[in-house]
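Structural overview for review
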Amino acid sequence: MAYKTIYPYTNEVLKEFDNHTDADLEAALAAGHALYKKWRAEGGLEERKGQLHKVAELLRRDVDKYAEVMTKDMGKLFTEAKGEVELCAAIADYFADKAEEFLKPRELEAVHGEGYYIKQAVGVLFMVEPWNFPFYQIMRVFAPNFMIGNPTVLKHASICPASAQAFEELVKEAGAPAGSFKNLFLTYGQVSKAIADPRIQGVALTGSERGGASIAAEAGANLKKSALELGGNDAFLILEDADFELLKDTIFFARLYNAGQVCTSSKRFIVVGEENYRKFVDMVVETFKTAKWGDPMKAETTLAPLSSAAAKEEVLGQIKLAVDNGARVAYGNQEIDHPGNFVMPTVLTDISKDNPIYNTEIFGPVASIYKVDTEEEAIALANDSSYGLGGTVFSSDPERVARVAAQIETGMTFVNSGWASHPELPFGGIKNSGYGRELSHLGFDAFVNEHLVFTPKG
Ligand code: NAP
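Computed from a predicted model, the values in this text were never measured in an experiment.

With respect to spatial proximity, 30 residues lie near the ligand, and among them Trp131, Tyr188, Ser208, Leu230 and Glu361 are the closest. Interatomic distance of 3.2 Å between a backbone N/O atom of alanine 157 and an oxygen atom of the ligand. Between the ligand and glycine 207 there is a distance of 3.2 Å, counted from an oxygen atom to a backbone nitrogen or oxygen. Protein chains bury 89% of the 910 Å² of accessible surface belonging to the ligand in isolation. Secondary-structure elements contributing two or more residues to the shell around the ligand are helix 5 (136-148), helix 7 (188-196), strand 8 (200-206) and helix 8 (209-221). Ranked by the residues each element gives to the shell around the ligand, the list is headed by helix 8, at four residues. Looking at the shell around the ligand residue by residue, the class counts come to 13 nonpolar, 11 polar and six charged.

The structure is reproduced here in structure tokens:
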């Protein structure tokens, strides 16, 4: 069975899940499509608002239950998992409250006649999601589309099946009608079949470039709209006038949250000036030394195991590749003697442009630090990447921050802070980090039919 909960702290198989059959897929598509038609004919926005608020209420009521499911699936710290559940509740409340306003018809300039457009559902959507935020990734697509009236079908990562199942049970418990949201344990072949089905009207994927390219190709071949949230190699610029006290409080979260397995983790730290560079390397080393790896269920643990044995091997392989090609290890890269998938926080410096790791996302607790002489060089280095997801600028001068941020080729810039995600902030990237946005009013519109109604003059 491909779908298994293997606890990353012990590598024990806790539960295996049977794959769904083609008949299950057919039933999910039929139920979703019938519900789309019903919602289209009858409306139902008020009912859905109540049901989505109920989802939020249940998440808050059973926060520990849902958090533990995620910790057991992919190893994240229980404390961080609880934060994820709270964020999911906030996203559900946000879209429940905002949908009516977001769905209002929009008047158009009356040049050639009277025109407006209405915003309508398009049909059943298919989502493919990754394991690093097992609930949040689903919620980003489910909540807005539930309010719009687009039912959703999920294929979650094979290593977090219990989370996928728990999300489905949550939606059901909140009273959402059958067909609103369906989790299916599918093969890649069945995913292709679903995407080709005429009842599916859009595809959202969060994951790797490889997964994204493959799903986008299937969507394109079947003329389905797609939205892709892919990886990142986010730059964190430390300009000469950066506040080092603030930096000190930012580094741990920016790189080690979720054991570094965050698409918008700060992965490349770029420091302007020799003196600041040395000071910063020491600061990161001292910060990484404080990480306490251990039982993810315990509150005192601050570094979780990676999500799978394969993920650990991949990150260790990437560190080796970097070092074999001339990178220096300023801290870390030692084995942690434990059956769990722990990787010691590691600081790499002296990565040259021809090092194969230079343009590679490291999805684990590894910081790469670069030294440059000027702000212009910092911007050029930040932009010398095939990715463009997020990034950070640290400077005490707000005008300088705005100028530098505008020059970075990325989808999101965070100022004097690490990455963040809130319901009202659009989330997404450019270049190989994907296209489209999730969350906020922009994410709400991702799968909306902007339907023109026009009466010409004369
Ligand atoms: P992945 O291998 O692409 O997997 C993501 C999802 O896609 C999983 O459900 C996976 O299923 C599925 N999948 C992959 N290839 C598929 C195919 N050909 N057909 C059908 N389904 C397919 O990604 P990952 O390595 O697990 O996730 C980490 C990546 O996600 C990182 O690069 C990270 O930066 C990125 N990410 C991006 C964002 C964002 O918002 N931009 C957020 C979080 C993570 P299986 O598990 O069954 O293989």
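Bringing the UniProt feature "domain: Aldehyde dehydrogenase" (unreviewed entry) in the protein into the picture now. With numbering matched to this structure, UniProt assigns "domain: Aldehyde dehydrogenase" (unreviewed entry) to residues 3-449. A helix fraction of 43% and a strand fraction of 19% characterise residues 3-449, whose end C-alpha atoms lie 35 Å from each other.

Under the counting rule described, the total for this entry stands at 27 salt bridges. We note a salt bridge from arginine 61 to glutamate 173, for which the minimum N-O separation is 2.9 Å. Within this pair, whereas arginine 61 is found in helix 2 (residues 45-61), its partner glutamate 173 is found in helix 6 (residues 161-173), the two being separated by 112 residues in sequence. Relative accessible area serves as the criterion here: at 53%, arginine 61 is assigned to the exposed category.

Glancing now at the sheet that holds strand 12 (residues 328-331). A sheet is described by the order of its strands in space; here seven strands give the open sequence 12-13-14-11-10-16-17, paired in mixed fashion. Of all strands in the sheet, those with a lone pairing partner are strand 12 and strand 17 (414-415), marking the two edges. Pairing analysis gives two bridges linking strand 16 (residues 391-394) to strand 17, with the strands arranged parallel. When the sheet's bridge partners are listed, valine 393 is paired in strand 17 with valine 415. Most of the contacts of helix 9 (residues 244-256) go to strand 10 (residues 234-238), to which it runs at about 170°, and overall it touches strand 10, strand 11 (266-272), strand 14 (366-372) and strand 16. Contacts from helix 12 (residues 375-383) reach strand 10, strand 11 and strand 14 within the one sheet, and its direction differs from that of strand 11 by about 160°.

Moving on to the pairing of strand 14. Most of strand 14 is tucked away, with six of its seven residues classed as buried. Relative to strand 14, strand 11 runs parallel, the two sharing five bridges. Bridge pairing in strand 14 links arginine 268 to serine 368. In terms of strand pairing, strand 13 (residues 346-349) meets strand 14 through four bridges, oriented parallel. When the sheet's bridge partners are listed, valine 347 is paired in strand 14 with alanine 367.

How each quantity is defined
Residues numbered from 1 in each chain as written. Predicted model: local features only at pLDDT ≥ 70, side-chain atom pairs only at ≥ 80, totals over all residues. Heavy atoms only, no water. Near = heavy atom within 4 Å. Polar contact = N/O pair within 3.5 Å; in protein donor to acceptor, adjacent residues only side chain to side chain. Areas by Shrake-Rupley, 256 points an atom, 1.4 Å probe, with all protein chains shown as cover. Helix = DSSP H or I, 4+ residues; strand = E, 2+ residues; numbered from the N terminus. Nonpolar A, V, L, I, M, F, W, Y, C, P; charged D, E, K, R; others polar. UniProt positions renumbered as here; feature names shortened; annotations may be inferred. Salt bridge = Lys/Arg side-chain N within 4 Å of Asp/Glu carboxyl O. Buried < 20%, exposed > 50% of the residue type's maximum accessible area, 1.4 Å probe, protein only. Pairing = 2+ DSSP bridges. Contact = heavy atoms within 4.5 Å. Axes fitted to C-alpha atoms, helices over the stretch in contact; angles between N-to-C directions.

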